[in-house]
Amino acid sequence: MSVNNPNGGIKLTLDMAIGESSAIESADKGKLQDLATRAKDLNNRLQDIRREQVFQREREAEFRDQSESTNSRIIRWVLIQLIVLGITCAWQLSHLRTFFIKQKLT
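For clarity, every value in this text was computed on a predicted model and none was experimentally measured.

Engineer: Describe the overall build of the protein chain, with residues and values.
Structural biologist: When helices and strands are tallied, the protein chain shows one helix and zero strands. Summing over all exposed atoms, the protein chain offers an accessible surface of approximately 10,500 Å²; the carbon and sulfur share of this is 59%.

Engineer: So what's going on with a nonpolar patch on the surface? Residues and values would help.
Structural biologist: A cluster of nonpolar side chains, contributed by I74, I75, V78, L79, L82 and L85, occupies part of the molecular surface with about 570 Å² of accessible area. You can see I74 is positioned in helix α1 (residues 23-103). On the accessibility criterion, I74 (49% relative accessible area) is partly exposed.

Engineer: With reference to specific residues and values, describe a negative patch on the surface.
Structural biologist: Taken together, E58, E62, D65 and E68 make up a surface patch of like negative charges. Along the chain, the position of E62 falls in helix α1.

Engineer: Give a detailed account of the pattern of salt bridges, specifying residues and quantitative values.
Structural biologist: A full pass over the atoms with the stated rule returns two salt bridges. Residue R38 pairs with D34 through a salt bridge whose shortest N-O separation is 3.6 Å. Residue R38 and its partner D34 are located together in helix α1, separated by four residues, close to a single helical turn. With relative accessibility at 36%, the residue D34 sits in the partly exposed group. Salt-bridge contacts for D48 lead to R51; the nearest nitrogen and oxygen are separated by 2.7 Å. With a gap of three residues between them, D48 and R51 both fall in helix α1, about one helical turn apart. Using a relative accessible area of 42% as the deciding quantity, one classes D48 as partly exposed.

Engineer: A description of the environment of T37 should follow, citing residues and the corresponding values.
Structural biologist: Among the secondary structure elements, T37 is positioned in helix α1. Of the polar contacts made by the side chain of T37, one reaches the backbone oxygen of D34; its length is 2.7 Å.

The rules behind these values
Residues numbered from 1 in each chain as written. Predicted model: local features only at pLDDT ≥ 70, side-chain atom pairs only at ≥ 80, totals over all residues. Heavy atoms only, no water. Helix = DSSP H or I, 4+ residues; strand = E, 2+ residues; numbered from the N terminus. Areas by Shrake-Rupley, 256 points an atom, 1.4 Å probe, with all protein chains shown as cover. Patch = residues over 30% accessible without salt bridge, like charges linked within 9 Å, V, L, I, M, F, W, Y side chains within 5 Å. Salt bridge = Lys/Arg side-chain N within 4 Å of Asp/Glu carboxyl O. Buried < 20%, exposed > 50% of the residue type's maximum accessible area, 1.4 Å probe, protein only. Lys, Arg positive; Asp, Glu negative; His and termini not counted. Charge placed at Lys NZ, Arg CZ, Asp CG, Glu CD. Polar contact = N/O pair within 3.5 Å; in protein donor to acceptor, adjacent residues only side chain to side chain.

Honestly, it's all geometry; don't read function into it.
Encoded structure:
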């Protein structure tokens, strides 16, 4: 294409080749096929990476659920231990109080 015209108009030149492809074009086709196979390989790798990401997200979600479940069970167990400890402490204090009253030390 060229746009050189001293009179201010536009001159358009178009070159077209019709017929059999030359050796250069066949080499270009080979390069294009190579690029197409590389693009397919990259797409396959991308799909594998996406599958792996989904798998890792699922594993992470399962692990998170399991961790939260374990943490809630630990908290329940600690609360039960505190309740038992409090009840034991209250019982011992009442028992000691009655013991000291019987001994008339207070």
